[in-house]
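Inside the fold
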Amino acid sequence: MDGKETASMEGRPSPPGDLRVRDQCVYFHSSEEMPELLPGSVDVIVTSPPYNRGKRYHPSYDDHRPETEYLAFLERVFRECHRVLSPTGVFFLNVGDGAEDQGKSERVCRVAEAAGFRRRQTLIWVKSLLGKGHFTPSGRGRSFANVFEYVFLLVKGPGYRLDPKAVGIPYADKSNVGRYSPVDRRDAGNVWFIPYEETTGATRKKGHEAPFPVGLPHRAIRCVPGASLVLDPFAGTGATLSAADALGIRGVGYEPYPDPALIQRRIDTPYVPREEILIPDLEKSVRFLAARAGPLPFPEGPGSSQRKRERWRVVRDVIQRLGGD
Ligand SMILES: C[S@@+](CC[C@H](N)C(=O)[O-])C[C@H]1O[C@@H](n2cnc3c(N)ncnc32)[C@H](O)[C@@H]1O
């Protein structure tokens with residue numbers, strides 16, 4: 001047994017009410033204490049804490065506490081996270097600011113720093129862009145609707161490693177291949193566009209107040225090379241565990257107010273990452289025109305410059321990625 005096994009797997013009885021789905025396990029109690037996890041056993045933490053914005057996670061959970069009490073609660077959880085994270089581990093902490101509590105994400109991140117984490121970077125998770133993705137009219141006539149949230153990249157020390165190219169994109173200009181590395185992949189950067197798998201209208205609810213899309217933890221986990229144990233201390237519907245399951249990695253979550261059937265369903269729903277269409281109408285039109293135009297002849301002959309051929313490859317690439325031929 002290596003140091004990454006959870007304590008309950010060493011023979012301790014699991015607390016009642018746990019849920020296990022293949023290599024994923026949810027403990028139905030508060031993450032203020034995570035005795036099932038050994039110190040330094042976790043490689044990646046991906047989570048989104050309760051907002052303290054009056055969300056109705058459960059009738060007995062008060063999501064509208066005085067902020068000092070709320071932040072003290074988060075500090076207890078973050079200290080436990082610090083204990084269980086490996087010295088080379090990475091913690092992705094997702095927090096958004098609401099129209100009425102701008103700046104709260106910063107205060108939450110400072111609490112994580114007080115618990116011992118170092119902030120390495122702030123990522124922006126874009127939920128909705130140009131009419132595509134999740135939309136809640138949150139501005140109430142006094143500000144703009146919120147279409148992004150923060151993801152703070154936190155670590156314990158300098159020994160961690162990230163592989164941004166694991167979630168990278170191909171070069172648009174292929175002459176760049178070989179310039180920095182032989183692989184046709186570049187780091188896509190610190191703004192992540194990840195809309196929900198499905199948007200929900202007024203007629204249909206997701207069964208939880210504030211889940212994130214599985215694509216968010218899926219992307220985060222893939223950036224950490226060699227991860228073998230993932231933790232979500234605020235598991236909610238189990239999105240992080242669903243991502244860990246899709247990647248064949250063990251996951252542990254904590255949720256004192258669980259809907260076990262919902263969590264089971266989310267983990268069991270196979271997650272398949274997809275390439276996003278950013279400008280739906282434009283891209284639909286390109287696909288339509290490409291289908292009408294038929295195959296593009298390669299520009300050959302004395303008049304065709306290197307630049308022309310390069311441009312042809314880019315156009316061809318875009319059409320292929322959009323599903324045309
Ligand atoms: C923002 S939601 C997380 C949603 C999750 N990311 C998902 O995609 O489903 C925060 C969750 O923390 C849970 N929670 C509240 N108090 C907790 C505690 N003491 N320990 C662990 N989880 C708690 C809430 O019930 C809620 O489900």
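Here, every reference points to the structure presented above.
This one's a predicted model, so the numbers in the text were calculated from it and none came from an experiment.

A count of helices and strands for the chain gives 7 helices and 11 strands. Considering only intrachain contacts with a sequence separation of at least 6, the fraction spanning at least 24 residues in the chain is 72%.

Not every one of the 22 residues close to the ligand is listed here, only the nearest: Ser30, Pro211, Gly236, Thr237 and Ala239. Of the residues belonging to the shell around the ligand, the class tally is 13 nonpolar, 7 polar and 2 charged.

Moving on to helix H4 (residues 239-246). In an α-helix, one turn spans 3.6 residues; hence positions three or four apart end up facing the same way. Burial within H4 is extensive, with 7 of its 8 residues counted as buried. Summarising the contacts, the buried residues of H4 are in contact with strand E2 (24-27), strand E3 (42-47), helix H3 (215-222), strand E10 (229-232), strand E11 (250-254) and helix H5 (260-268). One or two positions beyond H4, positive phi appears at Gly248, with a value near 70°.

As a further point, take the sheet that holds strand E9 (residues 191-193). One open sheet holds the 9 strands; their spatial order is E1-E2-E11-E10-E3-E4-E8-E5-E9, and the pairing between them is mixed. Strand pairing shows two members of the sheet lacking a second neighbour, strand E1 (19-21) and E9, which therefore form its edges. Across the sheet, the axes of successive neighbouring strands diverge by a mean angle of 20°, strand direction being ignored. When strand E5 (residues 118-126) meets strand E8 (residues 148-155), the two strands line up antiparallel, connected through 8 bridges. Pairing of Arg119 across the sheet is with Leu154, part of E8. Along the sheet, helix H1 (residues 67-84) makes contact with E3, strand E4 (85-95) and E10, crossing E4 at roughly 145°.

It is worth spelling out helix H2 (residues 104-114) at this point. Residues of H2 that are buried: Ser105, Val108, Val111 and Ala112. Buried positions in H2, seen along its axis, are confined to an arc of 115° and lie on one side of it. At its buried positions, H2 is contacted by H1, E4 and E8. Of the residues one or two after H2, Gly116 is the one with positive phi, at around 120°.

On to the packing of H3 against H4. Close contact between H3 and H4 brings their axes to 8 Å; oriented N to C, the two are set at 50°. Compared by their axis directions, H3 and H4 come out oblique. The chirality of how H3 crosses H4 is right-handed. Counting all contacts with H3, which are made through Pro217, His218 and Ile221, the residues of H4 involved are Ala239, Thr240, Ala243, Ala244 and Ala246. The class makeup of the residues in the contact of H3 with H4 is 6 nonpolar, 2 polar and no charged.

Attention now moves to the pairing of E3. Judged by how many residues are buried, E3 sits mostly within the fold: 6 of 6 residues are covered. Sheet analysis places E3 next to E4, joined by 5 bridges and oriented parallel. Bridging from a neighbouring strand, Val42 pairs with Leu85 of E4. One crossover worth recording links E3 to the parallel E4 by way of H1, and it is right-handed. Pairing analysis gives 2 bridges linking E3 to E10, with the strands arranged parallel. Its bridge partner being in E10, Ile45 is matched across the sheet by Leu231.

For Arg22, which is not glycine, the phi torsion reads 50° and is therefore positive. Structurally, Arg22 can be placed in the loop between E1 and E2. Looking at Arg22, the number of C-beta atoms within 10 Å reads 13, which means it is partly exposed. The residue Asn52 is not glycine, and still its phi comes out positive at about 55°. For Asn52, the position within the fold is in the loop between E3 and H1.

Definitions and cut-offs
Residues numbered from 1 in each chain as written. Predicted model: local features only at pLDDT ≥ 70, side-chain atom pairs only at ≥ 80, totals over all residues. Helix = DSSP H or I, 4+ residues; strand = E, 2+ residues; numbered from the N terminus. Contact = placed C-beta atoms within 7 Å. Near = placed C-beta within 6 Å. Nonpolar A, V, L, I, M, F, W, Y, C, P; charged D, E, K, R; others polar. Buried ≥ 20, exposed ≤ 12 C-beta atoms within 10 Å, placed from the backbone. Pairing = 2+ DSSP bridges. Axes fitted to C-alpha atoms, helices over the stretch in contact; angles between N-to-C directions. Arc of directions from axis to C-beta. Parallel < 35°, antiparallel > 145°, perpendicular 65-115°, else oblique. Left-handed = near helix turned anticlockwise from the far one by under 90°. Right-handed = clockwise from strand over helix to strand, strands pointing away.

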